[in-house]
Amino acid sequence: MAHIHDLTALEQAHAVRKRELSPVEITQHYLERIERLGPGVGAFVTVTADRALAQAREQEARLAGAADPADLPPLLGVPVPIKDLNLVKDVPIYFGSATYEGFVAPVDDSVVERLRDAGTIMLGKTSTPEFGLPCYTETYVNEPARTPWDPSRSAGGSSGGAAAAVAAGLAPAAQGSDGAGSIRIPASVCGLYGIKPTRGRISFAPIVPDLAGLSTNGPITRTVADAAALLDVMAHNNPGDLYWAPPPALGSFSAYVGREPGRMRIARYATPVVPGAEVHPDVLAAYESASAVLESLGHEVVEISAPFGADMVPEFVKLWFSFSCMHPVAPELEPKLRPLTAWLRERGDAVTAPEFLQAQSALQLATRFAMLVTDEYDAVLTPTVTQPPVPVGWFEDVDSPEETFERMKRFAPFAAMYNVSGQPAVNLPLYWTPDGLPIGVMLAGRFGDEGTLISLSSQVEQSVGGFWGDRRPPVW
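Residues numbered from 1 in each chain as written. Predicted model: local features only at pLDDT ≥ 70, side-chain atom pairs only at ≥ 80, totals over all residues. Heavy atoms only, no water.

Some remarks on the packing of aromatic side chains
Basically, it comes down to this: Two aromatic rings, drawn from Phe, Tyr or Trp (for Trp, its six-membered ring), form a pair once their centres lie within 6.5 Å of each other, and the interplanar angle then sorts them: stacked below 30 degrees, edge-to-face above 60, tilted otherwise. Going along the chain from the N terminus, every DSSP run of H or I of four or more residues is numbered as a helix, and every run of E of two or more is numbered as a strand. Think of it in three bands: residues with accessible area under 20% of the maximum for their type are buried, residues over 50% are exposed, and the middle band is partly exposed, with areas taken using a 1.4 Å probe on protein chains only.
Counted by the stated rule, this structure contains 15 aromatic pairs. Ring geometry for Phe308 versus Tyr418: centroids 5.7 Å apart, planes at 85°, classification edge-to-face. Separated by 110 residues along the polypeptide, Phe308 in the loop between strand S8 (300–303) and helix H9 (312–323) and Tyr418 in helix H13 (residues 416–421) bring together distant segments of the chain. By relative accessible area, Tyr418 is classed as buried at 1%. Taken together, a centroid distance of 5.7 Å and an interplanar angle of 50° make the contact between Trp343 and Phe405 tilted.

As for the side chain of Ser291
This is how the line gets drawn: Two N or O atoms count as a polar contact when they lie within 3.5 Å, although within protein this holds only if one can serve as hydrogen donor and the other as acceptor, and sequence-adjacent residues are included solely when both atoms are side-chain atoms. In what follows, a contact means two residues having at least one pair of non-hydrogen atoms within 4.5 Å.
Structurally, the position occupied by Ser291 is in helix H8 (residues 281–296). Here the side chain of Ser291 touches Tyr287 through a polar contact of 3.0 Å, landing on its backbone oxygen. Setting aside residues up to four positions removed in sequence, Ser291 forms contacts with Arg268, Val301 and Leu381.

So, the pattern of salt bridges
Quick reminder of the rule: For this analysis, a salt bridge means a side-chain nitrogen from Lys or Arg found within 4 Å of a carboxyl oxygen belonging to Asp or Glu.
One pass over the structure, following the stated rule, counts 16 salt bridges. Its salt-bridge partner being Arg36, residue Glu32 comes within 2.7 Å of it at the nearest N-O pair. Here Glu32 pairs with Arg36, and both are found in helix H2 (residues 23–41), just 4 residues apart, close to one helical turn. Judged by relative accessible area, Glu32 falls into the partly exposed class, the value being 37%. Take Arg36: its relative accessible area is 49%, and that puts it in the partly exposed class. Note that Asp150 is salt-bridged to Arg153, the shortest N-O span being 3.0 Å.

As for the state of the cysteines
The line we're drawing: Disulfides are defined as cysteine sulfur pairs within 2.5 Å.
Tallying each qualifying case throughout the model produces 0 disulfides. The thiol of Cys190 is unpaired, and the distance to the nearest cysteine sulfur, on Cys135, comes to 13 Å. Cys190 sits in the buried class, given a relative accessible area of 1%. Here Cys325 is not disulfide-linked; the sulfur of Cys135 is the nearest cysteine sulfur, at 19 Å. For Cys325, a relative accessible area of 23% corresponds to the partly exposed category.

What about the environment of Asn86?
Note on placement: Asn86 falls in the loop between strand S2 (82–83) and helix H4 (110–117). With a relative accessible area of 3%, Asn86 lands in the buried category. Put simply, Asn86 and Gly191 are 105 residues apart on the chain and 24 Å apart in space, counted from C-alpha to C-alpha. Not counting residues within four places of it along the chain, the set of residues in contact with Asn86 comprises Ile93, Asp109, Val111, Val112, Lys125, Gln175 and Asn217. For Asn86, the side chain forms a polar contact with the side chain of Asp109, separated by 3.1 Å.

Thoughts on the sheet that holds S2
Inclusion rule: Strand pairing requires that DSSP identify at least two bridges connecting the strands.
Pairing within the open sheet is mixed, and its 3 strands lie in the order S1-S3-S2. Looking at strand neighbours, the two that pair on one side only are strand S1 (44–47) and S2, the edges of this open sheet. Judged from the 3 bridges that link them, S1 and strand S3 (residues 124–126) form a sheet pairing that is antiparallel. Bridge pairing links Phe44 to Thr126 in S3.

Details of the sheet that holds strand S6 (residues 216–221)
Within a sheet, adjacent strands bond to each other through the backbone by hydrogen bonds, running parallel or antiparallel. Just so we agree on the cut-off: For every element, the axis is a line fit to its C-alpha atoms; helices are fit only across the contacting stretch, and the angle between N-to-C directions ranges from 0 to 180 degrees.
Reading across the sheet, the 8 strands line up as S4-S6-S5-S10-S11-S9-S7-S8 and stay open at both edges, with mixed pairing between neighbours. The open sheet has two edge strands, strand S4 (173–178) and S8, and neither has a second partner. Averaged over all pairs of adjacent strands, the angle between strand axes in this sheet comes to 25°, irrespective of strand direction. Inspection of the sheet shows strand S5 (residues 193–196) paired to strand S10 (residues 425–432) by 3 bridges, in the antiparallel sense. Considered in S10, the bridge of Gly194 is made with Asn427. Each of S4, S5 and S6 is contacted by helix H7 (residues 224–234), which is oriented at about 150° to S6, the strand it contacts most.

Considerations on the pairing of S4
Burial of S4 is extensive: 6 of the 6 residues sit out of reach of the surface. Burial of S4 is two-sided: the residues Ala173, Gln175 and Ser177 facing one way and the residues Ala174, Gly176 and Asp178 facing the other way are all buried. Looking at chain direction, S4 and S6 are connected through 6 bridges and run antiparallel. Bridging from a neighbouring strand, Ser177 pairs with Asn217 of S6.

Some words on a nonpolar patch on the surface
Applicable threshold: What goes into a patch is any residue over 30% in relative accessible area without a salt bridge, connected to like charges within 9 Å or, for nonpolar side chains (Val, Leu, Ile, Met, Phe, Trp, Tyr), within 5 Å. What sets the accessible areas is the Shrake-Rupley method with a 1.4 Å probe; for residues, cover comes only from the shown protein chains.
Together, Leu365, Phe369 and Leu372 make up an exposed nonpolar region whose accessible area comes to about 340 Å². Within the secondary structure layout, Leu365 lies in helix H11 (residues 353–374). Classification of Leu365 by relative accessible area gives partly exposed; the value is 47%.

Quick notes on helix H3 (residues 49–64)
Short version of the rule: In this scheme, a helix's expected span is set at 1.5 Å multiplied by one less than its residue total.
Compared with the 22 Å implied by 1.5 Å per residue over 16 residues, the 22 Å span of H3 between its first and last C-alpha is a close match. On its buried face, H3 is in contact with helix H1 (9–17), H2 and H4.

Examining the nonpolar core
We count it as follows: Only buried residues count toward a nonpolar core, which is a set of Ala, Val, Leu, Ile, Met, Phe, Trp, Tyr and Cys residues joined through side-chain atoms within 4.5 Å.
Judged by nonpolar contacts, the single largest core of 150 residues is most densely connected at Leu170, Tyr193, Phe405, Phe411, Leu443 and Ile454. Sort the elements by how many residues they give to this core and H9 lands first, with 8 residues. With sequence-adjacent residues up to four places away left out, Ile454 is seen in contact with Tyr193, Ile195, Val224, Ala228, Leu231, Phe253, Tyr256 and Val257.

Examining the packing of H4 against H7
Here is the rule: Just so you know the grouping, Ala, Val, Leu, Ile, Met, Phe, Trp, Tyr, Cys and Pro go in nonpolar, Asp, Glu, Lys and Arg go in charged, and all remaining residues, Gly too, go in polar.
At a closest axis distance of 8 Å, the pairing of H4 and H7 adopts a crossing angle of 115°. Counted together, Val111, Arg114 and Leu115 of H4 and Asp232, Val233 and Met234 of H7 form the full contact between these two elements. A class-by-class count of the residues in the contact of H4 with H7 yields 4 nonpolar, no polar and 2 charged.

Structure, rendered in structure tokens:
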């Protein structure tokens with residue numbers, strides 16, 4: 001008989017409805033695994049065991065009192081942890097920073113409310129780097145997030161804890177967020193499926209502003225069906241949102257799972273926009289392998305030049321510097337900041353309002369021209385990152401924060417462009433190196449068209465076998 005953590009999120013939800021598993025039983029199983037295995041992968045910064053068990057008992061009571069299980073919320077009894085950049089009322093939140101020790105969230109983020117209304121159970125808060133700024137998860141408040149495929153290596157960031165939790169079987173699925181690749185990067189190095197939705201698909205209400213629209217919440221899962229189900233739950237808008245995405249044409253994202261996508265035209269490129277970035281041979285092997293899989297499924301794969309130019313990079317960096325200053329930090333607490341964060345904020349403070357607006361204007365102009373190219377195709381294939389998972393500490397094994405930032409740029413030059421454009425993008429976990437390290441590839445789609453990406457991803461997933469070939473890390 002399969003262990004509970006061998007089941008997907010949807011399989012667990014089905015088992016709960018059939019009364020084959022109880023929400024309490026599922027929750028206890030994951031809490032035991034988190035206590036035993038969690039420190040080895042650095043997935044959680046806060047575990048809310050009492051709260052999770054109370055929620056599980058509430059869901060169990062709802063199930064017992066339901067005349068028709070079909071009327072129950074779609075993910076009743078399924079644990080889904082929340083990233084520690086998102087507010088959960090009455091739960092401590094660090095934002096990955098020692099400067100926020102002792103701070104307790106005063107309200108829920110609306111996406112947290114949506115997940116709770118869907119019947120999910122929050123096991124705790126997954127670790128994230130300071131203010132979500134780096135593409136690796138190493139902080140002063142928690143042990144580093146490590147990929148379960150090789151715990152000496154980083155789980156990426158900024159949703160590193162979320163990805164580590166799912167890959168290690170500490171949760172069936174997780175909520176993450178993505179401002180420059182922060183779902184897709186950890187999904188790549190942890191061997192998972194992750195969706196960065198279209199800009200405006202998921203509200204940041206009630207407190208977090210959407211401003212330039214770079215960031216969005218999204219799901220990190222083992223399977224396409226689980227990700228689509230989570231996206232159905234998470235997608236919503238609130239009054240005052242600056243951005244809004246059109247609803248899926250089929251009524252739900254889950255409706256695209258298993259749907260025949262037809263023959264598609266798929267563009268591809270593997271030239272980084274960041275000067276000096278080099279793509280590792282193993283990453284190129286993953287990229288070529290993915291191209292071959294797509295062609296074997298009958299799709300036309302077309303080589304194109306990178307639609308975004310290197311001139312976008314300094315403009316994006318100005319925005320990143322500026323957004324590093326969003327979290328208020330009292331002057332007396334600034335010595336608690338990590339060196340990279342302090343360096344970023346110093347540069348952010350120096351960006352003037354006209355410079356910020358000019359940078360955003362330049363990025364929008366570049367996006368308009370880039371979409372003239374990408375909209376000619378059903379999807380665009382690129383590497384997700386330029387290297388296999390790197391050792392913990394690798395990004396900071398340099399002489400200065402500036403060099404750390406340059407390493408970040410060269411490690412993840414593909415993902416951020418789709419945060420600029422707002423297009424949806426996914427990580428496909430299709431390739432493992434001879435040493436057993438996962439390397440993902442990225443598919444981006446037309447604005448508002450997650451459905452096509454889900455349909456295509458589902459077809460690819462089925463072609464390579466369940467859970468992308470039924471691979472499990474040693475910790476499983």
